[in-house]
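Each chain is listed here by its residues.
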Amino acid sequence: MIELMEVTKVYKGGVKAVDNLNFSVNSGELFGFIGPNGAGKTTTIKMMVGLLEPTSGSVKIDGYDVKTNPLDVKKRIAYVPDDPNVYEKLTGLEYLNFIADVYNVPSTVRKERMERLLNVFEMTSSVGSLIESYSHGMRQKIILIGALLHDPSVWILDEPMVGLDPRAAFELKTMMREHCEQGHTVFFSTHVLEVAEKLCDRIGIIDKGHLIACGTLDELRHGQQNESLEQLFLQLTDATAEGTESE
Ligand SMILES: Nc1ncnc2c1ncn2[C@@H]1O[C@H](COP(=O)(O)OP(=O)(O)OP(=O)(O)O)[C@@H](O)[C@H]1O
Ligand SMILES: [Mg+2]
């Protein structure tokens, strides 16, 4: 479970990137976070995982406060950043073993999980090569595999589908759904509205740091049965651009 309570982030220089966010993602829920470029998605995610401290407000993961219980939080989360920059001078395998060491994953468990995930993402034959030789999508895959090695309950993924080939994207979407079906939590940001529409239990729309809508697709539609998420997104974000905030 993820809880955000009155979370605000003002960067040095005065940019208010996130403004008083209040929402929760329940266990068993697949939550999509969408919004225009610069809306505050990555800033929100970095505060969820403890990379950025909120200017005010707090975030809890499975009941643990990110600020006061950072280790309990980090044990429970898988974080995939938007920018797949990893240790280029390590091989994929060295990187995965390093991550598994950090998270104390026992050797037999790590072997089984690595084999399975490398196989799912078709990385078995590349895992011995240096990460600097990997394509963007391969880096994305090795980060994903590393993030899942310690079997975290809460997945927090910042645009995880970017750069993945169709098969890998399909496998990831299947894994996200299965993870939620096991009673765990998945939160991800995306610009691919068709993915959000098809995959998510609930969707949050952020614009200029404000959560302008949050709910199931049906709730976001307000009774307009046939509207696509794309149509809703364009209407809602356009309305706020005109200065007439709708929610
Ligand atoms: N380190 C920083 N210092 C100052 N301002 C920042 C910093 N990082 C982000 N911002 C600003 O905060 C706002 C939100 O940025 P953020 O990266 O959270 O948006 P985003 O929704 O993830 O966008 P995108 O869809 O392009 O990834 C933007 O106005 C951005 O310019
Ligand atoms: Mg971003």
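Residue numbers here run from 1 along each chain, matching the order of that chain's written sequence. Whichever chain is written first becomes A and whichever ligand is written first becomes 1, with later ones labelled in order. The model is predicted, so local features are restricted to residues of pLDDT at least 70 and side-chain atom pairs to those at 80 or more, both for listing and for counting; the totals for chains, interfaces and linings are taken over all residues. Side-chain figures throughout are based on the complete set of non-hydrogen atoms in the structure, without hydrogens or water.

Asker: If you had to explain the overall build of the protein to someone new, which residues and values would you point to?
Answerer: Helix and strand content of the protein: 9 helices and 10 strands. Oriented by its inertia axes, the alpha-carbon framework of the protein measures out at about 55 × 40 × 35 Å. Of all 247 residues assigned to the protein, the portion counted as buried reaches 49%. Long-range pairs, those at least 24 residues apart, make up 67% of the contacts in the protein between residues at least 6 apart in sequence. What counts as a helix is a DSSP run of H or I of at least four residues, what counts as a strand is a run of E of at least two, and both are numbered from the N terminus. Each residue gets one of three labels from its accessible area relative to the maximum for its type: buried under 20%, exposed over 50%, partly exposed in between, using a 1.4 Å probe on protein chains only. Contacts are residue-level and defined by heavy atoms, with any inter-residue pair within 4.5 Å sufficient.

Asker: A description of the nonpolar core should follow, citing residues and the corresponding values.
Answerer: Remark: nonpolar core denotes a set of buried residues (Ala, Val, Leu, Ile, Met, Phe, Trp, Tyr, Cys) joined through side-chain atoms within 4.5 Å. L96, I142, M176, F188, I203 and I205 are the most contacted members of the largest nonpolar core, which totals 52 residues. Once you skip the residues sitting within four places of it in the chain, I205 turns out to touch I34, H210, L211, I212, A213, L220, F233, L236 and T237. Listed in part, the 24 residues of the second largest apolar core include I2, F31, I45 and I77.

Asker: So what about helix 3 (residues 92–102)? Which residues, and what values?
Answerer: Those residues of helix 3 that sit buried are G92, Y95, L96, I99 and A100. Relative to the axis of helix 3, the buried residues are bounded by an arc of 130 degrees and lie together on one face. Buried positions along helix 3 lie against helix 4 (107–120) and helix 5 (136–148). Phi turns positive one or two residues past the end of helix 3, at N104, with a value near 55 degrees. Picture the helix axis, draw a direction to every C-beta atom, and the arc is the one those directions span.

Asker: Just give me the short version of the site of ligand 1, but keep the residues and values in it.
Answerer: Proximity is defined per residue: if any heavy atom of the residue lies within 4 Å of a molecule or strand, that residue is considered near it. In the vicinity of ligand 1, 13 residues are found, and the nearest of them are G38, K41, T42, T43 and H191. Each polar contact in these results corresponds to two N or O atoms within 3.5 Å; when the atoms are within protein, one needs to be able to donate a hydrogen and the other to accept it, and residues that are neighboring in sequence are counted only if both atoms are side-chain atoms. Between a nitrogen atom of ligand 1 and a side-chain N or O atom of Y11, the distance comes to 3.4 Å. Within the contact set of ligand 1, an oxygen atom lies 2.8 Å away from a side-chain nitrogen or oxygen of K41. Surface burial for ligand 1 is 61%, taken as the share of its 640 Å² of free accessible area covered by protein chains. If one sorts the elements of the shell around ligand 1 by residue count, helix 1 (residues 41–49) sits on top with 3 residues. Polar here means any residue other than Ala, Val, Leu, Ile, Met, Phe, Trp, Tyr, Cys and Pro, which are nonpolar, and Asp, Glu, Lys and Arg, which are charged; Gly is therefore polar. The class makeup of the residues in the shell around ligand 1 is 5 nonpolar, 6 polar and 2 charged. Accessibility throughout is a Shrake-Rupley quantity obtained with a 1.4 Å probe, and a residue counts as covered only by protein chains that appear here.

Asker: Before we move on, can you summarise helix 4 with the specific residues and values?
Answerer: One turn of an α-helix holds 3.6 residues; hence residues three or four places apart share an orientation. Multiplying 1.5 Å by the helix residue count minus one yields the expected span of that helix. Helix length check: helix 4, at 14 residues, gives a terminal C-alpha distance of 20 Å against a target of 20 Å (1.5 Å per residue), a fit within 8%. All buried positions along helix 4 are accounted for by R110, R113, M114, L117 and L118. Along helix 4, the residues classed as buried sweep out an arc of 125 degrees about the axis, all on the same side. Residues of helix 4 that are exposed and point over 90 degrees away from its buried face: T108, K111 and N119. As for helix 4, its buried residues are in contact with helix 3, helix 5 and helix 6 (166–181). Backbone geometry just after helix 4 places E122 at a positive phi near 50 degrees.

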